[in-house]
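# Architecture and fold: a report
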Amino acid sequence: MSGATSLVQNGASGDANGHRGLHSLKTPRRNANDAEPLLRFREAKKVLGEVYGELKENITELEGVYNGIQGDDIVAPPQREEIDAMKESVRTIMETFQRDNMKVVFFGRTSNGKSTTVNAMLHEKVLPQGMGHTTCCFLQVQGCDEDVGYLQLDDNPQRIDISMLGKMGHALSSDNSELPAMGQDSLLRVFHPKHSQESENRLLQNDVVILDSPGVDLSPEFDSWIDKHCLDADVFVLVSNAEATLTQAEKNFFHRVSKKLSKPNVFVLNNRWDASAAEMENIDEVKKQHMVRFRQFLVDELEVCNDREVNDRIFFVSSREILESRLKARGLAQKAYQMDGHATRALEFANFERHFEQCISKSAIHTKFEAHNRRAHEIIAKMRLNLNTVLTAAGSQRDKLQNELNESTRIFNECRVNFSQFEKAYREQTERLRAEVHLKVSADFFEEIARLESIIDRFNEPFNASSDGIAKYKTELAEFTDNCLSTDLEARCTGGLMSRIWNLENDMFQYVTKILAEPYQHKLEEVWRYRAPFKFSICVDVPALTKDFHEDLEFRFTFGLHAIIRRIIAYRSGQPVTAIQSNLLTPMALKNKQVELKVRDEAAVQAAEEQAMMTQMVLTSASYLANGSLGLLVVGGIVYKAVGWRVIAVGGAAYAGLYAWERLRWNSSAREQHLKEQFRSHLAARMQQVAAAHTTHCETQAMREMDQVFDGLRATVAGVHREMKDDLDEQKKSIDAVDTTIRTLGSIKGKAVFMLRNLEQFASSYLRSDSPTTP
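All of these numbers come straight from a predicted model, not from anything done at the bench. (Residues numbered from 1 in each chain as written. Predicted model: local features only at pLDDT ≥ 70, side-chain atom pairs only at ≥ 80, totals over all residues. Heavy atoms only, no water.)

### Focus on the packing of helix α2 (residues 36–67) against helix α12 (residues 342–450)
To be explicit about the condition: Fitted lines through C-alpha atoms serve as axes, helices being fitted only where they are in contact, and the angles separating the N-to-C directions of these axes extend from 0 to 180 degrees. Only runs of H or I of at least four residues qualify as helices and only runs of E of at least two qualify as strands under DSSP, and these elements are numbered from the N terminus. In this scheme, roughly parallel covers angles under 35 degrees and roughly antiparallel covers those over 145, while 65 to 115 is roughly perpendicular and the rest are oblique. Take the far helix as the reference: if the near one is turned anticlockwise from it by less than a right angle, the crossing is left-handed, and if turned clockwise, right-handed. Under the scheme applied here, ten amino acids are nonpolar (Ala, Val, Leu, Ile, Met, Phe, Trp, Tyr, Cys and Pro), four are charged (Asp, Glu, Lys and Arg), and all others, including Gly, are polar.
For the pair α2 and α12, interaxial distance at closest approach is 10 Å and the crossing angle is 15 degrees. On the basis of their axis angle, the class for α2 and α12 is roughly parallel. Taken as a pair, α2 and α12 cross one another with a handedness that is left-handed. The class makeup of the residues in the contact of α2 with α12 is 20 nonpolar, six polar and five charged.

Structural data, given as structure tokens:
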């Protein structure tokens, strides 16, 4: 519109009185700020678009948070469905929002110059123009980012070459017979490049959509026109012929518009005012007449403005002069059509454009963005209510989880303390059981030693006096005795202690069952169900104990020197008399015994040496007594003197009688009985030696049994503790997840509050009545 400035040469010429204050004849200051009313719409669209972008991000973030929450304890299905609905609503609004622009509709009778006015405002011949019925349908001009423009028919996405505009949109074209049939209410979209080195399409660059209509006198079907093309219009421009008056058809159209739209913004352009150059004598009367009629129409009939505003809605212009002067300024025309007073009309057109831009910007901001602003408020309010509901549920869920965690922690700690007490009590009970086992097994073992004679007497295998028969007899006797002893001891010990051990184990099981929480008690049942009852395992191992048994089946007088020496050696060595070999009394036997025992352990060698020493000492003493006749006589004399010959004779007779009695009784049966007696005596002595070891072995078995039970219980409790600890960790993780959710929801809620502030600031800056029309 810079071309308008070049048209101003004599601003004082024209109407001396003027018809309104705002339309003064001074040259308006056209600079970069003139574009700001249109930029204000783009700024408002950008600001509100950013708010909706943040709203979409917040709803998407909230949806992600909800999707990450399992179950319906915190987020119920209605809340999830509401978020989905809000997301879809925002998506739809943003799609609509991107298409929002400022829309102006030009109406008027045929050939009043609507298309010429549009071209003048665009600084370029975009629409078909000329005398007669030129526009055959609705032509909508809007900007595009491409370098070459194109056409689209209604909502058909197929592009049509821009060169077809003259054929499709021009009613006088003779080449459109083969083109699609277009009615008067059809819409042909004209996409014109926004940016061009040769044009100044400032309106298109700032999202202004211009709709050129067929003449209102061609069809009375105004309602369909309004419904299809005018309901989203921000400004209506009535292009009237200044050489004629306002027709009823034009009035009827705007009456219909006023019924469908509340107080539409209407501008009236008295076009072709250049014709007033030939009527200079009564130009003021003509202008006043037009002003009166249009003021009455706008203020009294349509009621779209008041007396103060109406002066800024009626303009007297010549669109043809403006278009040609602007084309000439761009070098697209050699000569511009101008009549007297063209500078005044150029100023009037510039004033129209200025008020038009301010009006369409403010109107579009209100009509397009007020609803979006209100809808954003509603969506944010719903989102906050949704958030509050979920936050309340999350808080309740956290309290519930915290209470469960506290209870689980209490149970866990009690279980650990109780098991520690149980472990201490177990140690005390096992020590008592050890003492009981010691007493019981010791008593039973010594009772079995006392019963050895009856056990051995039950052995009834035939006795063979040969060396092989005796060896076999001893082996079978040892096995028989071992089997009886082991069986009897196991029965006596197990029978006496089984009940005690089983009761103790059952008490342990019952106690641990009580200290475990109910969900974990079945684990103890699984351990206890398949446990075999306890039984002592006792092996006396008689063959091993009697391995050093050496029977002496030669006749040995009880009070003979040899027998006495054997008993002395057995007493001094701590060995059974049957463990002393009969040939041990010879020096060669002693040496052989030492050689034989060299390969054994040191204790055995030391015992053999002690036996050899004792034997040598006894033999030496006996040799002295036997070889020393003098000494023997001395001793005999002393005895004779002390007791007399009768006592000596009686003693000798008794000694001889005992010898004779024992010698007469020595037969096969006596040998067998003597063998059993020697075996019993030997075994009894050996069993007394290993009694402590057997008692310790039984104690170990009982302790092992108790330890196995305890280890099983401890392992089970340890597994339960691990599960309880894992459950506690999971509960803590659940609480942490809820805390994270609460923090995230709180952050989103804070963003919602921030968005509300942005909406309030947007409303204060762009929508309220006191907001500036220009920055």
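### With respect to the side chain of T430
We count it as follows: A 1.4 Å probe rolled over the protein chains alone gives each residue an accessible area, and that area as a share of the maximum for its type sets the label: buried under 20%, exposed over 50%, partly exposed in between. Definition of a polar contact: a pair of N or O atoms within 3.5 Å, with one able to donate and the other able to accept a hydrogen when the atoms are protein atoms, and with sequence-neighbouring residues admitted only if both atoms are side-chain atoms.
Structurally, the position occupied by T430 is in helix α12. T430 sits in the buried class, given a relative accessible area of 6%. Reaching out from T430, the side chain makes a polar contact with the backbone oxygen of R427 at a distance of 2.7 Å.

### Focus on helix α9 (residues 283–302)
Counted only if it meets this: Each residue after the first adds 1.5 Å to the expected span of a helix.
In a regular helix each residue adds 1.5 Å, so 20 residues correspond to 28 Å; α9 covers 27 Å between its end C-alpha atoms and thus fits that length. Taken together, the buried positions of α9 are occupied by I283, K287, H290, M291, F294, F297, L298, V299 and L302. Looking one or two residues beyond α9, the residue adopting positive phi is E303, at roughly 55 degrees.

### Structural notes on the packing of aromatic side chains
Rule in force here: Here a pair means two rings of Phe, Tyr or Trp (six-membered ring of Trp) with centres within 6.5 Å. Their orientation is stacked below 30 degrees between planes, edge-to-face above 60, and tilted elsewhere.
As enumerated under the stated definition, the model contains 24 aromatic pairs in all. When the centroid spacing of 5.5 Å and the interplanar angle of 20 degrees are considered together, the rings of F422 and Y511 count as stacked. Taken as a pair, F422 in helix α12 and Y511 in helix α14 (residues 467–515) lie far apart in primary sequence, 89 residues in all. Through pairs of rings, three or more aromatic residues link up here, namely F107, F138, F236, F253, F254 and F297.

### What to know about the sheet that holds strand β9 (residues 314–316)
Hydrogen bonds between backbone groups are what pair the strands of a sheet, and the pairing can be parallel or antiparallel. Rules: Any two strands with at least two DSSP bridges between them are considered paired. We call two residues in contact when some of their heavy atoms are within 4.5 Å.
Strand order in this open sheet of nine strands is β4-β3-β5-β2-β6-β1-β7-β8-β9, and the pairing throughout is mixed. Either end of the sheet is taken by a strand with one partner, and the two such strands are β4 (160–161) and β9. Pairing of strand β2 (residues 138–144) with strand β5 (residues 187–193), which is carried by seven bridges, proceeds in the parallel orientation. Residue pairing across strands places V141 opposite V190, the latter belonging to β5. Sheet strands touched by α9: β7 (235–241), β8 (265–271) and β9. Its angle to β9, the strand with the most contacts, is close to 155 degrees.

### Some words on the pairing of strand β1 (residues 102–107)
Counting buried positions along β1 yields six of six residues, so the element is predominantly enclosed. Side chains M102, V104 and F106 of β1 all project onto a buried face; the interleaved residues K103, V105 and F107 project onto the opposite face, where all are buried too. Relative to β7, β1 is paired through four bridges, and the arrangement is parallel. Residue pairing in the sheet places F107 in a bridge with L238 of β7.

### Side note on unusual backbone geometry
Of note, the phi angle at R272 is positive, near 60 degrees, even though the residue is not glycine. Position of R272 among the secondary structure elements: in the loop between β8 and α9. On the basis of relative accessible area, R272 is assigned to the partly exposed category, the value being 30%. One non-glycine residue, E303, lies in positive phi territory at about 55 degrees. In this fold, E303 is placed in the loop between α9 and α10 (307–310). For E303, a relative accessible area of 53% gives the class exposed.

### Here we look at helix α8 (residues 248–260)
Here is the rule: To obtain the arc, one takes the directions from the helix axis to the C-beta atoms.
The first and last C-alpha atoms of α8 sit 19 Å apart over 13 residues, in line with the 18 Å expected at 1.5 Å per residue. Turning to α8, its buried residues are E250, K251, F253, F254 and V257. The buried side chains of α8 occupy one side of the element, clustering within an arc of 160 degrees when seen end-on.

### A look at the pairing of strand β3 (residues 150–153)
As paired elements, β3 and β4 share two bridges and run antiparallel to each other. Looking at the pairing, L151 lines up with I160 of β4. Turn length for the β3-β4 hairpin, with the two strands adjacent in sequence and antiparallel, is six residues, and the turn residue D154 shows positive phi of about 50 degrees. Strand direction decides the pairing type here: β3 and β5, joined by four bridges, are antiparallel. Looking across to β5, one finds that L153 is bridged to L188.

### Thoughts on the confidence of the model for the protein
Operational definition: Here pLDDT means the predictor's own confidence in every residue, given as a number from 0 to 100.
Averaged over every residue, the pLDDT of the protein is 77; the share at 70 or more is 75%. Considering each helix and strand of the protein separately, the mean pLDDT is smallest for helix α1 (residues 3–6), with a value of 36, and largest for β9, with 93. Predicted confidence is poor over residues 1–34, with pLDDT under 50, and the contacts of this stretch with residues over four places away or in other chains come to 66 contacts. Segment residues 623–629: pLDDT under 50, and two contacts once partners within four positions in sequence are set aside and those in other chains are kept.

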